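Secondary and tertiary structure notes
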Amino acid sequence: LVDSTIVVASGETLTIQPGAHLQFTAWYPFEILGTLIAEGTEEDSIIFDCDTQTNPEGWHGLRFNGEGASDSYLAYSRISYGQALSYWPLSCGGGIFCMSTSPTFSHCLITSNSAAMYGGGIYCYNAPVTLEECTITNNSASSQGGGMYASLSPISINQSTFNYNTAGTGGGMVVISSQMELSNSVITHNTASTTGGIHCSGNPSPIIEKCII
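This structure is a prediction, so every number in the text was calculated from the model and none was measured.

Focus on the overall build of the chain
- A count of helices and strands for the chain gives zero helices and 28 strands.
- Over its C-alpha trace the chain gives a radius of gyration of 15 Å, about what one expects of a compact globule, namely 17 Å for 213 residues.
- Expressed as a percentage of its 213 residues, the buried residues of the chain come to 50%.
- Taking contacts inside the chain between residues at least 6 apart in sequence as the whole, the part at least 24 apart equals 79%.
- Total accessible area on the chain stands at roughly 8,600 Å², and carbon and sulfur atoms take up 48% of it.

Following this line, the structure appears as structure tokens:
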């Protein structure tokens, strides 16, 4: 049970072993300024969440901030029930928040997170993020990017699924002034008032290859 904010300081490394379950008891963030290594296995994943019955407000998600967090790596991890509330930037990135950093996510499940503004599942600003074989599902954002929001962030997505995400704009994802390489992925059953699947603006020049939308 996590009953306070967790901080991985710049220059420090925290390694979380397979099978760990971090359950947040209130709206606490997991602040990563250094390196987080959370490498589960297919049989023994790592879970970041909360008990929605005792803590309906959720927790404040994984928040990667700064170059010091760029070597962070998550595999076979589940991030769920995070909520981004309040004002910017606290209102962005319900499950995962990335700013000026470049972590890598592999075989991760990002589900049932929400944001008051941008990026219900994942928020990226000036953050070159890599997603490999991830599932981003059932996330929501009141404004933009139910599954993912990326601004000024070159992103690489391969063999991943974005489904059942909702937002005002860009139910699946929003890509603004960012180069995106999207390959071998499925973007389906996402909904929004404007652009259900992928909303691109600001001359993003996306490369989309072998995908189902």
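There is more to say after this.
Digging into the pairing of strand 15 (residues 122–125)
- As paired strands, strand 11 (residues 96–99) and strand 15 are joined by four bridges and run parallel to one another. In the strand pairing of strand 15, Phe97 is matched with Tyr123.
- Where strand 15 meets strand 19 (residues 148–151), four bridges bridge the pair, whose relative direction is parallel. Residue pairing in the sheet places Ile122 in a bridge with Met148 of strand 19.

A short note on the nonpolar core
- Formed by 41 residues in total, the largest nonpolar core has its most connected members in Phe30, Phe48, Leu62, Phe64, Leu74, Phe105 and Leu131.
- Looking at this core element by element, the count peaks at three residues for strand 6 (residues 46–50).
- Residues contacting Phe30, with those up to four places away along its chain left out, are Ile6, Val8, Leu14, Ile16, Leu22, Phe24, Leu36, Phe48, Trp59, Gly61, Leu62 and Arg63.
- Formed by eight residues, the second largest nonpolar core is a distinct cluster that contains Cys92, Met99, Tyr123 and Tyr149.

Describing the sheet that holds strand 4 (residues 30–32)
- Taken together, the eight strands give an open sheet; going across it, the order is 1-4-7-11-15-19-23-27, and neighbouring strands pair in parallel fashion. Of all the strands in the sheet, just strand 1 (6–8) and strand 27 (198–201) have a single pairing partner and so form its edges. The mean inter-strand angle of the sheet, taken between neighbouring strand axes irrespective of direction, is 10°.

What about the packing of aromatic side chains?
- In the structure shown here, the tally under the stated rule is six aromatic pairs.
- Note on Tyr118 and Tyr149: the rings are 4.7 Å apart at their centroids and 10° apart in plane angle, and the pair reads as stacked. Of this pair, Tyr118 sits in the loop between strand 14 (114–115) and strand 15 while Tyr149 sits in strand 19, placing them 31 residues apart in sequence. Both residues of the pair, Tyr118 and Tyr149, belong to the buried class.
- When the ring centre of Phe97 is taken as origin, the NZ or CZ atom of Arg63, which lies over that ring, is 4.1 Å away.

Brief notes about the sheet that holds strand 21 (residues 161–163)
- On the basis of which strands lie adjacent, the open sheet formed by seven strands has the order 3-6-9-13-17-21-25 and parallel pairing. Because the sheet does not close on itself, it has two edges, and the strands there are strand 3 (21–24) and strand 25 (186–188). This sheet shows a mean twist of 10° between the axes of neighbouring strands, independent of strand direction.
- Taken together, the three bridges between strand 21 and strand 25 define a ladder with parallel strand orientation. Residue Phe162 lies in a different strand from strand 25, and its bridge partner there is Ile187.

Side note on unusual backbone geometry
- Cis geometry marks the peptide bond from Trp88 to Pro89; its omega dihedral reads 0°.
- Mapped onto the secondary structure, Pro89 falls in the loop between strand 10 (83–84) and strand 11.
- Its identity as a non-glycine residue notwithstanding, Gln159 has a phi of 50°, on the positive side.
- With respect to the element layout, Gln159 can be found in the loop between strand 20 (155–158) and strand 21.
- Backbone geometry at Lys210 places phi at a positive 55°, although glycine is not the residue there.
- Residue position: Lys210 is located in the segment after strand 28 (207–209).

Cut-offs applied
- Residues numbered from 1 in each chain as written.
- Predicted model: local features only at pLDDT ≥ 70, side-chain atom pairs only at ≥ 80, totals over all residues.
- Heavy atoms only, no water.
- Helix = DSSP H or I, 4+ residues; strand = E, 2+ residues; numbered from the N terminus.
- Rg over C-alpha atoms; globule rule 2.2 N^0.38 Å.
- Buried < 20%, exposed > 50% of the residue type's maximum accessible area, 1.4 Å probe, protein only.
- Contact = heavy atoms within 4.5 Å.
- Areas by Shrake-Rupley, 256 points an atom, 1.4 Å probe, with all protein chains shown as cover.
- Pairing = 2+ DSSP bridges.
- Core = buried A, V, L, I, M, F, W, Y, C linked by side-chain atoms within 4.5 Å.
- Axes fitted to C-alpha atoms, helices over the stretch in contact; angles between N-to-C directions.
- Phe/Tyr/Trp six-rings, centres within 6.5 Å; stacked < 30°, edge-to-face > 60°.
- Lys NZ or Arg CZ within 6 Å of the ring centre and 35° of its normal.

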